[in-house]
Amino acid sequence: MAPFATPMRSASLQLSALLCILLCSEVWVLQCGAAIGINYGQVGNNLPTPAQVVSLLSSLRVGKVRIYDVNPQVLAAFAGTGIELIVTVPNDLVQPMAASAGQAMQWATANIKPYFPATRVTGIAVGNEVFTDDDEALKASLVPAMRNLHAALAQLGMDGYVHVSTASSLGVLANSYPPSQGAFTPECAPLMLPFLRFLAETNAPFWINAYPYFAYKADPCSVSLSYALSDPYHVGAVDPYTHLQYTSMLYAQVDAVTFAAARLGYGGIPVFVSETGWPSKGDADEVGATVENARAYNRNLLVRQVGNEGTPLRPRQRLEVYLFALFNEDMKPGPTSERNYGLYQPDGRMVYNVGLAQQQTTSAASLSLAASSAPPTRQRQPRVQCTCGSLLVQAGLY
């Protein structure tokens, strides 16, 4: 008789089996030239008109956009552009939509049907970061609302074209490092099971809002700046359990979500990044919020996107990413950083140049990146005074 497995050996065997399932489930090989996404927020009083925004996006050949509402002017402006659009059901409509299938049908009929298919709506985010909200009734209503909305789309003949999901913050994870130990929090896990089941049934993606900037700001002594900035030339980190090497914290966070879903039996669900970005300006206590870091982070992601790069766990599945955000939005509440995530100022000037080049023709819906084939010049990173003792740590060099 074979000896009983020790707890450590048992955990190792379980992880090996999990990894095998995940690798075997990687069946999506995306086309080269698939476009990067950009979040188009509208919390400002000085933003360009929707028509001007569409003109800018088209000149940049951006092919995917996410908005946080169903603004009719925006939906109409995107008609005929071929740009894929993710729209949002606000949090305050989630509970009414869950309570009434008629409410879901009314919403879809009023906000999607009049514009589809001229406006290429490909996704609906039901709520934003609901699973980490304090409202228990809201969280319990999310999946029923999604089911009612999906049923409404099916009745309208749009369910084969429009995914229904929700965007979650990385706060749904209890563990994100190393990625293979990714697991949902005890509070979220019971809610995740019906949610993941719905995604699997409808072939919809898991959308995650992930910001390595927050990890760096919280602990600049321990977190490598180059790793947080997704520097492809940084040595990165190796998962001690899978031996996969990560040169990008963002890609590691995505794989942590994939492992967490696999632990609940849903390792085949694709995980996409619905929001990520880096602020170009912040308050005195917002370490790392600089133009140089924001430019480096977004440019590094653009280079990875142009290279159709997948995560180490799913290298053949190009990671879909939506950068946050298109514009600096002057009416967003909170610290200074919240108003300084944009690639552009509201007047159309670049906050910094990440290599996006405006094109004379707009027939293609793909991203153009004016990137040199040579490695970027590495700038010496600022020294960060640690509060955990008198040691000065050179951020990004370890």
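Please refer to the structure placed before this passage.
Attention here is on the structure that accompanies the text. (Residues numbered from 1 in each chain as written. Predicted model: local features only at pLDDT ≥ 70, side-chain atom pairs only at ≥ 80, totals over all residues. Heavy atoms only, no water.)

1. So, the side chain of Lys-139
Summarising the element assignment, Lys-139 is placed in helix α6 (residues 136-155). Accessibility expressed as a relative area gives 11% for Lys-139, which makes it buried. Once residues within four sequence positions are removed from consideration, Lys-139 is found in contact with Val-130, Phe-131, Asp-133 and Leu-191. (Helix = DSSP H or I, 4+ residues; strand = E, 2+ residues; numbered from the N terminus. Buried < 20%, exposed > 50% of the residue type's maximum accessible area, 1.4 Å probe, protein only. Contact = heavy atoms within 4.5 Å.)

2. Brief notes about the side chain of Asn-39
Mapped onto the fold, Asn-39 is located in strand β1 (residues 37-39). Of the residues examined, Asn-39 reaches a relative accessible area of 0% and is grouped as buried. For Asn-39, the side chain forms a polar contact with the side chain of Arg-66, separated by 3.3 Å. Of the polar contacts made by the side chain of Asn-39, one reaches the backbone oxygen of Ser-274; its length is 3.1 Å. Apart from residues lying up to four places away in sequence, Asn-39 is in contact with Arg-66, Tyr-68, Ser-274, Glu-275, Tyr-322, Leu-323, Phe-324, Ala-325 and Leu-326. (Polar contact = N/O pair within 3.5 Å; in protein donor to acceptor, adjacent residues only side chain to side chain.)

3. Some points on the sheet that holds strand β8 (residues 206-209)
Reading around the barrel, the eight strands line up as β1-β2-β3-β4-β5-β8-β11-β12 and close back on themselves, with parallel pairing between neighbours. Across the sheet, the axes of successive neighbouring strands diverge by a mean angle of 25 degrees, strand direction being ignored. Where β8 lies against strand β11 (residues 271-276), four bridges are found, and the strand directions are parallel. For Asn-209, the partnering residue across the bridge sits in β11 and is Glu-275. Contacts between α6 and the sheet are confined to β3 (84-89), β4 (121-128) and β5 (163-169), with β5 contributing the most and set at about 155 degrees to the helix. (Pairing = 2+ DSSP bridges. Axes fitted to C-alpha atoms, helices over the stretch in contact; angles between N-to-C directions.)

4. Remarks on α6
End to end, α6 covers 30 Å across 20 residues, agreeing with the expected 28 Å (1.5 Å per residue, within 8%). Its maximal kink placed at Leu-142, α6 deviates by approximately 35 degrees, while the proline Pro-144 follows within four residues. Listing the buried residues of α6 in full gives Leu-138, Lys-139, Ser-141, Leu-142, Val-143, Ala-145, Met-146, Asn-148, Leu-149, His-150, Ala-152 and Leu-153. At its buried positions, α6 is contacted by β3, α4 (94-99), α5 (101-111), β4, β5 and α7 (189-202). Sitting at the head of α6, Asp-135 places a side-chain oxygen 3.0 Å from the backbone nitrogen of Ala-137. Gly-157, located one to two residues past α6, shows a positive phi value of around 75 degrees. (Expected span 1.5 Å × (residues − 1). Bend = angle between axes of the 7 residues up to and from the residue.)

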